[in-house]
Amino acid sequence: MTESLLWNNLKYELQPWIRTAIDVMGFERMTPVQASTIPMLAGNKDVVVDSVTGSGKTIAFVIPVLEKIISEQANNVKFKKGHFHTLIIAPTRELSKQIQAVIDSFLDHYPEGLYPIRSKLLVGTNTRTVRDDVAQFLDDRPQILVGTPGRILDFLGNPTVKTSSCSMVILDEADRLLDGSFLGDVENILGILPKQRRTGLFSATINSAGENIFKTGLRNPIKITVNSKQSAPQSLNIDYAVVKLEKKLEYLLTLLNNYKFKKCIVYFPTCIFVNYIYNFFQHLQKSKVIESKLSIFSLHGKLQTSSRMKTLDSFTQTFDNAILLTTDVAARGIDIPDVDLVIQVDPPTDSDVFLHRCGRTGRANRIGKAIVFLSEGREEDFVPFMKVKNVELQRTDLKISNLPNNFYDIFKTWVLEDRARLDLGIKVYVSFIRNYSKHSAGSIFRLQSFDYAGLCKMLGLFRLPRMPEITKHLNETTSSSKIYEGGWLIDPPLDLNQILLRRREKRKNRLDDLKNLKAINDKKKLKSELKKKNMSWSNKTDSKEAKAGRRAKAQLKRKAIEEQLKLANDSSNESEEEDWKELVLQKKRKKGVITDVQGSFDDL
Ligand SMILES: Nc1ncnc2c1ncn2[C@@H]1O[C@H](COP(=O)(O)OP(=O)(O)OP(=O)(O)O)[C@@H](O)[C@H]1O
């Protein structure tokens, strides 16, 4: 690395405490994007920064933000109550929190006795309202606000929050913030900020924002581009494996069981897919199909904020064999240095996101490997498609190993054990196909040639769910599995009504019994009813010895549960359990993911 990247050679004189912070962080040299951006942005230029993932863009805007606040405070510009200096906008809560953490790690070195500089996070949570945020903002008087567009807009809408002193705006992952889903909010935010301000746009795929860049009110911006020939960092190896769709999970498990990694992120296309697979993987881990040393976490946008943050923290703090099953909510910006493996079960619908997902590893010159599974056939065209975008993918050949031969049967049995699992599996199937139809490279990811039966089998399903919109494609499908009459993938078909009814009846009887018992107010009668129930269930009167044996067993069980609870409390998996508690609560409140996709076996 060249001497010109030594911090002393930066064409801008940094505050001594900022230099101290950099030294403590152990960053001997600037990254190229920092060397180019800091003098510009701190020196009053608007910037549009295009630099690969993991190249240090965060510090490239955090330092100028701090420098500007210091210089304005030195000029006796005092911020009145209700005013702030800088607004940093990011597309996800996780990324906003991470940016705030970087700011705060600098502020830890800010000299005591000076007028304090503070930051405030503005993201939607289940515990804090916008009013809470405003109250805290008025009390603490932070100069820097970091958050997601929706929450920021609500916050700025409060009449006690004044925008007239805001002199700097940063859009991190700017192309994402300027795409269809965020653009309206972002334009509204920018519309209520003063026009006389500095604006910085940052991303590894900024060009995708196209003309929308000019909707941000940039004034004579400087474009800073680093590494334009290769769209991915050099320390990142990107592989692809061509596999049968129905076998994807088995390839994934083979990799997870056999590949040596510290931290691995696995991307799935939808939130319910993550739910479903996380649940199944838990089952596989209990049945020892997945190595017990693996710590599995799940993270997606339908979970509560607190749970998402905790899961990310736990994943960050688990140092070996940690696996995060997630969606694109964790595709951009997330910086977890030890991630050394990224697996994409499917390519994302937006090819830019492919780079962002891969870029969670191979950051800051560390070696990283990313692997994407492509289904046999037309999807293989994804490789030349990415080459045109300056992304080279190398072929890797994988073999399924150390998994039971009857993997599909194991999955199927697990699905059949519970009606809710079957329903969820069907919804995963439907949401997968809806998502697939949104691929921007529509000529590669075609519904006409999609392997519908393969997807079913990958999900442990055994009959094609009805989806009117794909019926016309079923004749053309390149499926490797035979589809029998009625959409069955197995022969003979299962009598699902029998299996599910048997389970339903059993559960209903149990619930009826409980309801009847609850309705008995007379204690004596209740006791005798309970005795009767015991008798009818066990069909015998217990001997004294049997009772004592049962009591001892119950005691042992209680003790074991207490131990487990204690372990769980001590362990880093705590948030993962929270995830599931919250999921259950979410489902109860009928707010869950699953309400917006519909699918069914017609006769269930
Ligand atoms: N000068 C430096 N020297 C060494 N490491 C650095 C330097 N600056 C930043 N880093 C580290 O590099 C990693 C990546 O930084 P950062 O998250 O800012 O990347 P990014 O360019 O924003 O990536 P993405 O596009 O994925 O958001 C971080 O762990 C950060 O601490």
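How each quantity is defined
- Residues numbered from 1 in each chain as written.
- Predicted model: local features only at pLDDT ≥ 70, side-chain atom pairs only at ≥ 80, totals over all residues.
- Heavy atoms only, no water.
- UniProt positions renumbered as here; feature names shortened; annotations may be inferred.
- Helix = DSSP H or I, 4+ residues; strand = E, 2+ residues; numbered from the N terminus.
- Pairing = 2+ DSSP bridges.
- Contact = heavy atoms within 4.5 Å.
- Axes fitted to C-alpha atoms, helices over the stretch in contact; angles between N-to-C directions.
- Domains from an automatic or database assignment.
- Buried area = accessible area lost by both parts, 1.4 Å probe.
- Salt bridge = Lys/Arg side-chain N within 4 Å of Asp/Glu carboxyl O.

The protein carries the name ATP-dependent RNA helicase in an unreviewed UniProt entry, which gives Henningerozyma blattae as its organism. As its UniProt record puts it under Subcellular location (unreviewed entry), the protein is described as follows: "Nucleus, Nucleolus".

A. Quick look at the UniProt feature "domain: Helicase C-terminal" (unreviewed entry) in the protein. UniProt's entry tags residues 237–411 with the feature "domain: Helicase C-terminal" (unreviewed entry), counted in the numbering of this structure. Segment residues 237–411 splits into 34% helix and 22% strand. End C-alpha atoms: 32 Å apart.

B. Seen up close, the environment of lysine 229. Relative to the helices and strands, lysine 229 resides in the loop between β7 (222–225) and β8 (236–243). For the pair lysine 229 and valine 391, spaced 162 residues apart in sequence, the C-alpha separation works out to 9.4 Å.

C. Just the sheet that holds strand β11 (residues 322–326), in detail. Spatial ordering of the open sheet is given by β10-β11-β9-β12-β13-β8-β14, a layout of seven strands whose pairing is parallel. Edge positions in the open sheet fall to β10 (295–299) and β14 (394–395), since each of these has one partner strand only. Judged from the five bridges that link them, strand β9 (residues 263–267) and β11 form a sheet pairing that is parallel. Its bridge partner being in β11, valine 266 is matched across the sheet by leucine 325. Contacts between helix α10 (residues 271–286) and the sheet are confined to β10 and β11, with β10 contributing the most and set at about 165° to the helix. Strand contacts of helix α11 (residues 305–317): β9, β10, β11 and β12 (339–344), with the helix running at about 150° to β10, the strand carrying the most contacts.

D. Representation of the domain arrangement of the protein. By domain assignment, the protein separates into domain 1 (7–225) and domain 2 (236–474). The C-alpha-based centres of domain 1 and domain 2 are spaced at 33 Å. Taken together, the contact pairs 19 residues of domain 1 with 20 residues of domain 2. Between domain 1 and domain 2, roughly 1700 Å² of surface is buried when both sides are summed, and carbon and sulfur atoms account for 49% of that area. Three residues stand out in domain 1 for area buried against domain 2, namely Thr53, Glu94 and Asn126, and they jointly supply 33% of the buried area on that side. Between the two partners, domain 1 and domain 2, sit four salt bridges. For aspartate 175, the salt bridge is made with arginine 332, and the minimal N-O distance between the two is 3.0 Å.

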